There are 2 protein chains.
Amino acid sequence: MKINAQQLLKEKNIRITANRILILESFLKSSYSLSIADIEESLPWADRATIFRTLMTFKEKALLHTIKDDDKALKYALCSDACQVNHHHIHPHFHCDICSKTYCLTQYEFPTPDLPENFKASNYSLIINGICSNCQ
Amino acid sequence: MKINAQQLLKEKNIRITANRILILESFLKSSYSLSIADIEESLPWADRATIFRTLMTFKEKALLHTIKDDDKALKYALCSDACQVNHHHIHPHFHCDICSKTYCLTQYEFPTPDLPENFKASNYSLIINGICSNCQ
DNA sequence: TATTATATGCAATCTAATTGCAAATGAGAA
DNA sequence: TTCTCATTTGCAATTAGATTGCATATAATA
Ligand SMILES: [Mn+2]
Ligand SMILES: [Mn+2]
Ligand SMILES: [Zn+2]
Ligand SMILES: [Zn+2]
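Residues numbered from 1 in each chain as written. Chains lettered and ligands numbered in written order. Predicted model: local features only at pLDDT ≥ 70, side-chain atom pairs only at ≥ 80, totals over all residues. Heavy atoms only, no water.

Draft legend 1. Molecular detail of the protein's contact with DNA strand C. Residues in contact with DNA strand C amount to 21 residues; listed here are only the nearest, A:Thr17, A:Arg20, A:Arg53, B:Phe52 and B:Leu74. Taking all atoms of DNA strand C within 4 Å of the protein, the share assigned to sugar and phosphate is 66%. Note that a sugar or linking oxygen of DNA strand C is positioned 3.5 Å from one of the side-chain N or O atoms of A:Arg15. With respect to DNA strand C, the side chain of B:Arg15 contributes an N or O atom lying 3.4 Å from a base nitrogen. Among the secondary structure elements, those contributing two or more residues to the surface near DNA strand C are α2 (18–29) and α4 (48–60) of chain A together with α4 (48–60) of chain B. Looking at side-chain class alone, the surface near DNA strand C contains 7 nonpolar, 5 polar and 9 charged residues. (Near = heavy atom within 4 Å. Polar contact = N/O pair within 3.5 Å; in protein donor to acceptor, adjacent residues only side chain to side chain. Helix = DSSP H or I, 4+ residues; strand = E, 2+ residues; numbered from the N terminus. Nonpolar A, V, L, I, M, F, W, Y, C, P; charged D, E, K, R; others polar.)

Draft legend 2. Up close: the protein's contact with DNA strand D. As a matter of local geometry, DNA strand D sits amid 19 residues, with A:Ile16, A:Phe52, A:Leu74, B:Thr17 and B:Arg53 nearest to it. For DNA strand D, the backbone portion of the atoms within 4 Å of the protein, that is sugar and phosphate, comes to 66%. A:Arg15 places a polar side-chain atom, nitrogen or oxygen, 3.3 Å from a base nitrogen of DNA strand D. Within the backbone of A:Leu74, an N or O atom sits 2.8 Å from a phosphate oxygen of DNA strand D. Among the secondary structure elements, those contributing two or more residues to the surface near DNA strand D are α4 of chain A together with α2 (18–29) and α4 of chain B. Of the residues assigned to the surface near DNA strand D, the class counts are 7 nonpolar, 4 polar and 8 charged.

Draft legend 3. Fine view of the coordination of the zinc ion (ligand 3). Residue and element names in this part refer to chain A. Taken together, Cys 96 (SG), Cys 99 (SG), Cys 132 (SG) and Cys 135 (SG) make up the protein donors of the zinc ion (ligand 3), found 2.2 to 2.4 Å from the metal. One can describe the donor arrangement at the zinc ion (ligand 3) as tetrahedral, given that its 4 donor atoms subtend angles of 104 to 115 degrees at the metal. On the basis of relative accessible area, Cys 99 is assigned to the partly exposed category, the value being 27%. A residue is classified by how much of its surface remains accessible, and Cys 135, at 25% relative accessible area, is partly exposed. (Donors = N, O, S within 2.8 Å, 3.2 Å for Na, K, Ca; no water. Tetrahedral: all angles 85-135°; square planar, octahedral: opposite > 155°, others 65-115°. Buried < 20%, exposed > 50% of the residue type's maximum accessible area, 1.4 Å probe, protein only.)

Draft legend 4. Quick peek at the environment of A:Trp45. For A:Trp45, the position within the fold is in the loop between α3 (36–42) and α4. In sequence terms A:Trp45 and A:Glu60 are 15 residues apart; their C-alpha atoms lie 25 Å from each other.

Draft legend 5. Focus on the nonpolar core. Judged by nonpolar contacts, the single largest core of 21 residues is most densely connected at A:Phe94, B:Phe94 and B:Leu126. For this core, the elements supplying multiple residues, two or more each, are β4 (93–96) and β6 (120–131) of chain A together with β4 (93–96) and β6 (120–131) of chain B. (Core = buried A, V, L, I, M, F, W, Y, C linked by side-chain atoms within 4.5 Å.)

Draft legend 6. Region of the structure containing the coordination of the zinc ion (ligand 4). Residues and elements named next belong to chain B. Around the zinc ion (ligand 4), the protein contributes the donor atoms Cys 96 (SG), Cys 99 (SG), Cys 132 (SG) and Cys 135 (SG), which lie 2.2 to 2.3 Å from the metal centre. Sequence spacing among the residues donating to the zinc ion (ligand 4) works out to C-x2-C-x32-C-x2-C. A residue pair is termed long-range when its members are at least 10 positions apart, and Cys 99 in the loop between β4 and β5 (102–104) and Cys 132 in the segment after β6 qualify at 33 residues.

Draft legend 7. Expanded view of α2(B). For α2(B), built from 12 residues, the straight-helix expectation of 16 Å at 1.5 Å per residue is met to within 8% by its first-to-last C-alpha distance of 16 Å. Restricting attention to buried positions, one finds in α2(B) the residues B:Arg20, B:Ile21, B:Ile23, B:Leu24, B:Ser26, B:Phe27 and B:Leu28. (Expected span 1.5 Å × (residues − 1).)

Draft legend 8. Spatial organisation of the relation of the copies chain B and chain A. Superposing chain B onto chain A requires a rotation of 180 degrees together with a translation of 0.0 Å along the rotation axis, leaving an RMSD of 0.0 Å. Within this description, the copies of the chain are treated as partners about a two-fold rotation axis. Within chain B, the C-alpha atom positioned nearest to the axis of rotation is that of B:Leu126, 2.2 Å from it. A shared interface surface links the copies, since 97% of the contact residues of chain B are contact residues in chain A too. (Least-squares fit on C-alpha atoms with pLDDT ≥ 70 in both. Contact = heavy atoms within 4.5 Å.)

Here it is as structure tokens:
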């Protein structure tokens, strides 16, 4: 974990608390996205509502983005630098049908299709389902 | 509504009932996808559980597919002929941030990105957010 | 150290989805 | 046409995840 959670919070003008540091560290450590339940599991003493509101805050401050995959619970993942300013660096997400983990494929920008007359796009979300390298 | 609901059910080996005919007709008439709540609204006498199980059945029989857009409720839409056999004819979906309607863009097949080593894709789901032609 | 806006914990609520079960019904057999 | 039985339906109850209210605790800064 090269990046310092505390540092990151300060940069984003997010008030530093124990909860927030630990929740942010969970994301910095993880190679895949996390649901509220995932975080509850790794931080059993933490309160669900607090986790929820922390994730809300992180999302508002463009520290996290959300992913709706085939699972019931919403997943959260760190924003890359490119995410931060505007959402023009769009990356796909890969959801493994076996282990159910969802990965940000930040390296794999994708081309966007044309649209019907008078439809204007502002954002894209591509979810790829399949089997991840760990589950082959 | 050129296509006959009853006919369609028979072709798919789905037992014909009043509920199913009317629910299927809702989809045949609609230019955008529908949630359970949408159907409850247009068929006020119908039971939520019945609608739910009907949609399950329709999905299993490849009459409908589902779409997770930014709204809370899951949306359902008719499968095109191409959907039916295998899911290789992938089309994007457009979700309007104003009216909240979600359209199947069956005309607009999209290119798929490369994947990391040892990741195998089996399905793709692209949701485009923006403003639809009605809301411009 | 005092002040104050903000974050937290806990319980309650909300929403959409999902299930159990007994009664009703569709489709094929007789 | 009527009978039979697997399937579907309606209703009520439950689940799962997200979200909120409110009193208390705490971080930031003066
Ligand atoms: Mn991502
Ligand atoms: Mn579609
Ligand atoms: Zn996997
Ligand atoms: Zn619209």
